Amino acid sequence: MSSNWYKIIMKMTHVKYGKKILLKGIPVIYNKKGAELQIGENCVIKSSFMSNLVGLYSKSIIVTRAEGAKISIGNNVGISGATIYARKGITIGDNTCIGGNVKILDNDFHPIEWEERNRLLLDEKGGDATELIPAKPISIGKNCFIGCNSIILKGTTLGDGCVVGAGAVVSGNFPDNSIIVGNPGKVIKRVGEGPQC
């Protein structure tokens, strides 16, 4: 089922999107005031359970959560039940496929030290302590494939043509055409080198 009426809500929160964007099911796409969220042309965002037979656990969630945060999604990108959550910045290149239930998170959601976690909890009741939450931008190149149930962590850079295996946990910098698997994610070979895994 297509939910193109949701584009009205996207416009209300100043989400910019290109021509021929297709929404299957009802996603959660939210742009915080003072942030920027842009989706290119010919993108498909799947959010209904049966829209991807890998089995989606949730709707697609694309959210900027801090002033100055930026999400930029290129043209011809496919997204299935993924969470893309930015406090700094997330860039996704053209022709990239993001598999079912992927998480792309440019922040840790909370500080590592317990004292700062407690301070953050207190400040959330009346103040703003978002500077306590570690965050670093993520860059995903063109023509990448991100396998289902994988997690892309803060500060990660994937070059063009990278493939991330299902369930991988990825952190760091990876050159073009890397095939990355495991937890922690490691390069096992390059695209075009021998039989595929």
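Here's a quick rundown of the structure. (Residues numbered from 1 in each chain as written. Predicted model: local features only at pLDDT ≥ 70, side-chain atom pairs only at ≥ 80, totals over all residues. Heavy atoms only, no water.)

### Quick notes on the nonpolar core
- I39, I73, I84, I98, I104 and L158 are the most contacted members of the largest nonpolar core, which has 35 residues in total.
- Elements with a minimum of two residues in this core: α1 (6-12), β4 (36-39), β7 (70-73), β9 (83-86), β10 (89-92) and β13 (138-140).
- When near neighbours in sequence (up to four residues on either side) are disregarded, I84 contacts I61, I62, V63, I71, I73, I79, I90, I92, I98 and I104. (Core = buried A, V, L, I, M, F, W, Y, C linked by side-chain atoms within 4.5 Å. Buried < 20%, exposed > 50% of the residue type's maximum accessible area, 1.4 Å probe, protein only. Helix = DSSP H or I, 4+ residues; strand = E, 2+ residues; numbered from the N terminus. Contact = heavy atoms within 4.5 Å.)

### Let's talk about the pairing of β10
- Looking at chain direction, β7 and β10 are connected through four bridges and run parallel. Note on β10: the bridge partner recorded for K70 is G89. (Pairing = 2+ DSSP bridges.)

### Some remarks on the pattern of salt bridges
- Counting across every chain of the model gives two salt bridges.
- For the salt bridge of E36 with K70, the shortest nitrogen-to-oxygen distance reads 4.0 Å. Taken as a pair, E36 in strand β4 and K70 in strand β7 lie far apart in primary sequence, 34 residues in all.
- On the basis of relative accessibility, which here comes to 38%, the residue K70 falls in the partly exposed class.
- Taking the shortest distance from any N to any O, the salt bridge between K154 and D108 comes out at 3.0 Å. (Salt bridge = Lys/Arg side-chain N within 4 Å of Asp/Glu carboxyl O.)

### What to know about the side chain of K7
- Note on placement: K7 falls in helix α1.
- Although K7 is buried, it makes no salt bridge; E41 carries the closest opposite charge, 12 Å away.
- Not counting residues up to four positions away in its chain, the partners in contact with K7 are Y17, I21 and L23. (Lys, Arg positive; Asp, Glu negative; His and termini not counted.)

### Focus: the sheet that holds β13
- Spatially, β1-β4-β7-β10-β13-β16-β19 is the arrangement adopted by the seven strands of the open sheet, whose pairing is parallel. Of all strands in the sheet, those bounded by a partner on one side alone are β1 (15-17) and β19 (173-174).
- Bridge analysis of β4 against β7 gives four bridges, and the strand direction is parallel. Paired with L37 across the bridge in β7 is I71.

### Comments concerning the sheet that holds strand β20 (residues 178-181)
- Taken together, the eight strands give an open sheet; going across it, the order is β2-β5-β8-β11-β14-β17-β20-β21, and neighbouring strands pair in mixed fashion. Whereas interior strands pair on both sides, the edge strands pair on one side only; in this sheet they are β2 (22-24) and β21 (186-190).
- Examined bridge by bridge, β2 and strand β5 (residues 44-46) share three bridges and lie parallel to one another. Bridge pairing in β5 links K24 to K46.

### Description of the pairing of β21
- Note: β20 against β21, four bridges, orientation antiparallel. Pairing of I179 across the sheet is with K189, part of β21.
- Linkage of β20 to β21, two consecutive antiparallel strands, is achieved through a turn of four residues, within which G182 is found at a positive phi near 90°.

### A few points about a nonpolar patch on the surface
- Where nonpolar side chains cluster on the molecular surface, the patch consists of W5, I8, I9, M12 and I26 and spans about 510 Å² of accessible area.
- Relative to the assigned elements, M12 resides in helix α1. (Patch = residues over 30% accessible without salt bridge, like charges linked within 9 Å, V, L, I, M, F, W, Y side chains within 5 Å. Areas by Shrake-Rupley, 256 points an atom, 1.4 Å probe, with all protein chains shown as cover.)

### Topic: the packing of aromatic side chains
- Counted under the stated rule, the structure contains one aromatic pair.
- A ring pair is formed by Y85 and F109, whose centres lie 4.5 Å apart and whose planes are at 40°; its orientation type is tilted. With a gap of 24 residues between them, Y85 in strand β9 and F109 in the loop between β12 (103-105) and α2 (114-124) connect regions that are remote in the sequence. (Phe/Tyr/Trp six-rings, centres within 6.5 Å; stacked < 30°, edge-to-face > 60°.)

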